[in-house]
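Listed below, chain by chain, are the residues.
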Amino acid sequence: MKFNTKAVHAGVDPDPSTGAIMTPIFQTSTYVQAAPGDHKGYEYARTQNPTRHALEKSLAALENGSHAVCFSSGMAAVDAAIKLLDQGDEVISTNDLYGGTYRSFTKIYSRFGLGFHFTDLTNPENILPLINSNTKMIWVETPTNPMLNIIDIEAVAAIARGHGLLLVVDNTFASPYLQNPLDLGADIVLHSATKYLGGHSDVVHGTLIVKDPNLAERLFFIQNGNGAVPGPQDCFLVLRGIKTLHLRMQRACENAARIARFLHDHPKVDKVYWPGFEHHPNHAIAAKQMRDFGAMVSFTLHGDDYDEALRVLSNTHLFSLAESLGGVESLIGHPASMTHASIPKEERLKTGLVDSLIRLSIGIEDGDDLIEDLQKAIG
Ligand SMILES: *Cc1c(COP(=O)(O)O)cnc(C)c1O
């Protein structure tokens, strides 16, 4: 089945008791048993919920996995992936990382005896000197946030396989429409479904998707054991969002390509970060592993003036000033003071995250209106 058809149909069958075409929101905490142990596959809603099961089947299909395991947020999905590790284990991670993930790695899990190394994974060879007998996992995010670097998933997967390491790819920025890391050799795909999968800025949700049934079983054990499960209403909203994922992504990518070129030609704009440019250093890898170049664009202003950046940020009308991304509406943000404020300045400067960097999450409005809004704000 092709992707667009899977987005509409995968995992979702008419409800057997009523014929309802939409999977109902099973808002229940427990299920009645005819006799002890005699039940219909559902005992208690932390462990099983039919709305969640439909979503898990849909997500597994979109990423060409065997199983998806759903959580109450993207960070709860990060938490479950990390809990595959044991005390003393080490993780090698990209250094250009979602701020919340960096914060959990350095401020929470490091207290439990786990070690983290951060390096520039746009050169996968950088992994090699960091591998030791405690290394168990490689953590990749691509495109990266907010610099929009592209990491070669196949090349990293080859190193992971060669050393018996688990490869986790946070695929939030690409969405399954653009990129399927399991097909490129990753073991676990992570999504904050809060972003493109939900797509309407109305739900917080996370998921892990795998091919290996043994890994799925370990993750279901952690999901049930730790209990960070999503509610059925949230699962319903993500399922509904997925039905238009392909249409939303197609429009958002088209708008992003136009906006990236507009910014590139603007005299007040210094650098524009978008992997669709042929001069982007990782363009060839993006063209190889992604179906399009995504809907995130970052840019800096000449002179790297903090106040000038704040002026632009407060003068757009269609682009709303907010954290997050991946919704139908366009957002504008300032990583240095918002999403990446928890990363020390000297760390963020190393990755190019300067004070005037502005990040756009481009939505599905009319591209002409979006460009006019930016033109007026930048001046
Ligand atoms: C938002 C985000 C997360 C965290 O997800 P939540 O749903 O906010 O908990 C993790 N990784 C990336 C890349 C994200 O953008």
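None of the values given here were measured: they were computed from a predicted structure.

Trainee: Where do I start with the sheet that holds strand 9 (residues 296-301) in this structure?
Mentor: Taken in spatial order, the five strands of this open sheet run 8-9-12-11-10, and their pairing is mixed. At either end of the open sheet lies a strand with only one pairing partner, and these are strand 8 (269-273) and strand 10 (320-321).

Trainee: Would you take a moment to explain the pairing of strand 2 (residues 90-94) for this structure?
Mentor: Every regular strand shows the same layout, with side chains that alternate between the two sheet faces. Here strand 2 lies mainly inside the structure; five of its five residues are buried. Of the pairings in the sheet, the one linking strand 2 to strand 3 (residues 115-119) comprises five bridges and is parallel in character. Paired with Val91 across the two strands is Phe116, which belongs to strand 3. In the classification by handedness, the crossover that spans strand 2, the intervening helix 4 (residues 99-108) and the parallel strand 3 is right-handed. Two strands pair when backbone bridges link them, and strand 2 and strand 4 (residues 135-141) are joined in this way by four bridges, in the parallel orientation.

Trainee: What is the right way to read the pairing of strand 4 from this model?
Mentor: Along strand 4, six of the seven residues are buried, which leaves the element largely enclosed by surrounding structure. In this structure, strand 4 lies alongside strand 5 (residues 166-170), joined through five bridges in parallel fashion. Paired with Trp139 across the two strands is Val168, which belongs to strand 5. Read as a crossover between parallel neighbours, the route from strand 4 over helix 5 (residues 153-162) to strand 5 is right-handed.

Trainee: Explanation requested: unusual backbone geometry in the structure shown.
Mentor: Negative phi is the rule for most residues except glycine; trans is the rule for most peptide bonds. Geometrically, the link from Thr142 to Pro143 is a cis peptide bond, its omega value of -5° lying close to zero. With respect to the helices, strands and loops of the structure, Pro143 is situated in the loop between strand 4 and helix 5. Look at Leu148: it is not a glycine, yet its phi comes out positive at around 60°. Along the polypeptide, Leu148 turns up in the loop between strand 4 and helix 5. Positive phi, normally seen in glycine, also occurs at Ser175, with a value near 70°.

Procedures and definitions
Residues numbered from 1 in each chain as written. Predicted model: local features only at pLDDT ≥ 70, side-chain atom pairs only at ≥ 80, totals over all residues. Heavy atoms only, no water. Pairing = 2+ DSSP bridges. Helix = DSSP H or I, 4+ residues; strand = E, 2+ residues; numbered from the N terminus. Buried < 20%, exposed > 50% of the residue type's maximum accessible area, 1.4 Å probe, protein only. Right-handed = clockwise from strand over helix to strand, strands pointing away.

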